Amino acid sequence: METITLNNGVEMPALGLGVFQMDDRQVLETVPRALDAGYRLIDTASRYYNEEAVGRAIAESGVPRDQLFVTTKLWFKDHGCQQSKDALRVSLDKLGLDRLDLWLIHQPFNDYYGAWRAMEDLLDEGLVRAIGVSNFYPDRYADLVAHNRIVPAVNQRETHVFNQQTEMVDLARRHGTVLQAWAPLVQGDPEAHQHPVLVEIAATHGRTVAQVMLRWLIQRGVAVVAKSTREARLRENIDVTGFSLTDEEMARIAELDRQQPNAGFTHRDPQMLEMLSRLE
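Since this is a predicted model, take the numbers as computed values, not measurements.

Visitor: Describe the nonpolar core, listing the residues and the values that go with them.
Guide: Counting 94 residues, the largest nonpolar core has L6, M12, L17, V19 and V161 as its most contacted members. Here the element with the most residues in this core is helix α9 (residues 209–219); it accounts for 8 residues. In terms of nonpolar packing, the next biggest core, distinct from the first, is built from 5 residues, W75, F76, F109 and L276 among them.

Written as structure tokens, this is what we have:
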């Protein structure tokens, strides 16, 4: 697996498994399959409600801890200096780990400045190897960078062929932050997977459209978190290192950008905050 060097020197796999919306049974079935296929990055969150299952799957896998890269995320209701430090202890206990590889602010709401300063302290203490953010738009990301000591190592955003995040990629790169894509396969959107440009490029390389979309992201320097519970798809998704897209192919895919989220919401929408606030 290719790796990406974060701004503090930590090596992160370029592609990992996301466990969003997996229940405990699915996690316990899928994580071992993923590890057997070669995945070494597992991405969860406190509000995925499956950290304990992820920890159990990791513990039972037999894969040495130093070969794994484990990410979890801090929920916005836990923002604040002491609250965030307490929340990390809870996540570590659930995961059965003594430190995280990457800890992200999940949403840009509530006292995320207090949360960030707590994360800086915990990074200094060695309880996390790298810290970052998720779902931060360029304005909030730039403001966080300008007024804090440590620049986020990662910003995780919905990024795919129809929502390419060009502005965010350029801004993040200037500050040394890696953009990490969630929903990199457009959440299975048939329009994307049947798009004639992508189908043609895939046929040229003897690959699937999904593999082309993932390869395109990695060649842009964008890290990837991809979700699947199917063993064949897990193996397909990680098998993206044996070919490269040409400059012409990269340019053709770039023309597909609509700057359009597929998830049906943005984190600038007040209704999004109201919906998330109802979650415990």
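Anyway, onward from the coordinates.
Visitor: Talk me through the pairing of strand β9 (residues 178–182); I want residue IDs and the actual numbers.
Guide: Where a strand is regular, its side chains alternate between the two sheet faces. The buried count for β9 comes to 5 of 5 residues, which makes it a mostly enclosed element. Burial along β9 is two-sided: V178, Q180 and W182 and L179 and A181, pointing in opposite directions, are all buried. Relative to β9, strand β8 (residues 154–158) runs parallel, the two being bridged by 5 bridges. Bridge pairing in β9 places N155 opposite L179. Following the chain from β8 across helix α6 (residues 166–175) to the adjacent parallel β9, one finds a crossover that is right-handed. Looking at chain direction, β9 and strand β10 (residues 223–226) are connected through 2 bridges and run parallel. Looking at the pairing, Q180 lines up with A223 of β10.

Visitor: Before we move on, could you go through the pattern of salt bridges and cite the residues and values that matter?
Guide: For the structure on display, the rule yields 14 salt bridges. In this structure, E29 and R25 form a salt bridge, with 3.1 Å as the shortest nitrogen-oxygen distance. On the criterion of helical spacing, the pair formed by E29 and R25 is a turn pair, its members being 4 residues apart in helix α1 (residues 24–37). Note that E231 is salt-bridged to R235, the shortest N-O span being 3.5 Å.

Visitor: I'd like a description of helix α2 (residues 51–61), backed by residues and values.
Guide: Every buried residue belonging to α2 is among E51, A53, V54, G55, A57 and I58, and all of these are buried. Tucked inside the fold, the buried residues of α2 contact α1, β4 (41–43), β5 (69–74) and α3 (81–95). Downstream of α2 by one or two residues, G62 has phi in the positive range, about 80°.

Visitor: Hey, could you go over the side chain of N148 for me, with residue numbers and the actual values?
Guide: Along the chain, the position of N148 falls in the loop between α5 (138–146) and β8. For N148, the side chain forms a polar contact with the side chain of R117, separated by 3.0 Å. Among the polar contacts listed, one links the side chain of N148 to the backbone oxygen of L144, at a separation of 3.0 Å. Every residue in contact with N148, bar those within four places of it in the chain, is listed here: Y113, W116, R117 and E120.

Visitor: Quick one: what's the story with helix α4 (residues 112–125), residue by residue and with numbers?
Guide: Between the first and last C-alpha of α4 there are 20 Å, a value that for 14 residues agrees with the 20 Å anticipated at 1.5 Å per step. Of all 14 residues making up α4, 10 are buried, and the element is well covered by its neighbours. For α4, the full list of buried residues reads Y112, Y113, G114, A115, W116, A118, M119, E120, L122 and L123. Against the buried residues of α4 lie β5, α3, β6 (102–105), β7 (131–134) and α5. Phi turns positive, to about 85°, at G126, one or two residues after α4.

Visitor: Break down the packing of α1 against α2 for me, citing the residues and quoting the values.
Guide: Look at α1 against α2: their axes get within 9 Å of each other, and the N-to-C directions meet at 35°. The two elements α1 and α2 meet at a crossing, and its hand is right-handed. Here D24, V27, L28, V31, P32 and L35 of α1 lie close against α2, whose contacting residues are A53, V54, R56, A57 and S61. Class assignment of the residues belonging to the contact of α1 with α2 gives a composition of 8 nonpolar, 1 polar and 2 charged.

Visitor: I'd like a description of unusual backbone geometry, backed by residues and values.
Guide: Backbone geometry places N135, a non-glycine residue, at a positive phi of 65°. Locating N135 in the fold gives a position in the loop between β7 and α5. Residues other than glycine seldom take positive phi values, yet Q187 does so here, at roughly 55°. For Q187, the position within the fold is in the loop between β9 and α7 (190–193).

Visitor: Help me get a handle on the packing of aromatic side chains, residues and values and all.
Guide: Between two aromatic rings, the relevant description is the distance of the centres plus the angle of the planes. Going through the model one piece at a time under the given rule, you end up with 5 aromatic pairs. Taken together, a centroid distance of 5.2 Å and an interplanar angle of 80° make the contact between Y112 and F136 edge-to-face. Residue Y112 is located in helix α4, and its partner F136 is located in the loop between β7 and α5; the two are separated by 24 residues in the primary sequence. For Y112, a relative accessible area of 10% puts it in the buried group. For F136, a relative accessible area of 0% puts it in the buried group. Among the aromatic side chains, those forming a connected cluster through ring pairs are W75, F76 and F109. Against the face of Y137 rests R157, its NZ or CZ located 4.1 Å from the ring centre. Across from the ring centre of F162, 3.9 Å away, lies the NZ or CZ of R258, which sits over that ring.

Rules used throughout
Residue numbering note: each chain is counted from 1, following its sequence as written. Note on the predicted model: pLDDT of at least 70 is required for a residue's local features to be given, and 80 or more for side-chain atom pairs to be given and counted; whole-chain, interface and lining totals, by contrast, use all residues. Hydrogens and water molecules were not included; the side-chain quantities draw on all heavy atoms of the structure. Only buried residues count toward a nonpolar core. Its members are Ala, Val, Leu, Ile, Met, Phe, Trp, Tyr and Cys residues joined through side-chain atoms within 4.5 Å. Three labels apply to residues, based on accessible area from a 1.4 Å probe with only protein chains included: buried if under 20% of the type maximum, exposed if over 50%, partly exposed otherwise in between. Only DSSP runs of H or I covering at least 4 residues are called helices, and only runs of E covering at least 2 are called strands; the numbering of each starts at the N terminus. Following DSSP output, two strands are said to pair if at least two bridges run between them. Here is how to tell: hold the view so the strands point away, follow the path from the first strand over the helix to the second, and if it runs clockwise the crossover is right-handed. Any Lys or Arg side-chain nitrogen found within 4 Å of a carboxyl oxygen on Asp or Glu counts as a salt bridge. The contact criterion used throughout is that any non-hydrogen atoms of two residues lie within 4.5 Å. In protein, a polar contact requires one atom able to donate a hydrogen and another able to accept it; more generally it is a pair of N or O atoms within 3.5 Å, and residues adjacent in sequence count only if both atoms are side-chain atoms. The length a helix should cover is 1.5 Å for every residue beyond the first. Here an angle of 0 to 180 degrees is reported between the N-to-C directions of two axes, which are lines fitted to C-alpha atoms, with helices fitted over the stretch in contact. With the far helix as reference, a near helix turned anticlockwise by less than a right angle produces a left-handed crossing, and one turned clockwise produces a right-handed crossing. In the scheme used here, Gly and all other residues not listed as nonpolar or charged are polar, with Ala, Val, Leu, Ile, Met, Phe, Trp, Tyr, Cys and Pro taken as nonpolar and Asp, Glu, Lys and Arg as charged. Pairing of aromatic side chains requires ring centres within 6.5 Å, counting the rings of Phe and Tyr and the six-membered ring of Trp. Pairs whose planes differ by under 30 degrees are stacked, by over 60 edge-to-face, and all others tilted. Only Lys NZ and Arg CZ are tested; either one counts as a charge over a ring when it is within 6 Å of the ring centre and within 35 degrees of the ring normal.

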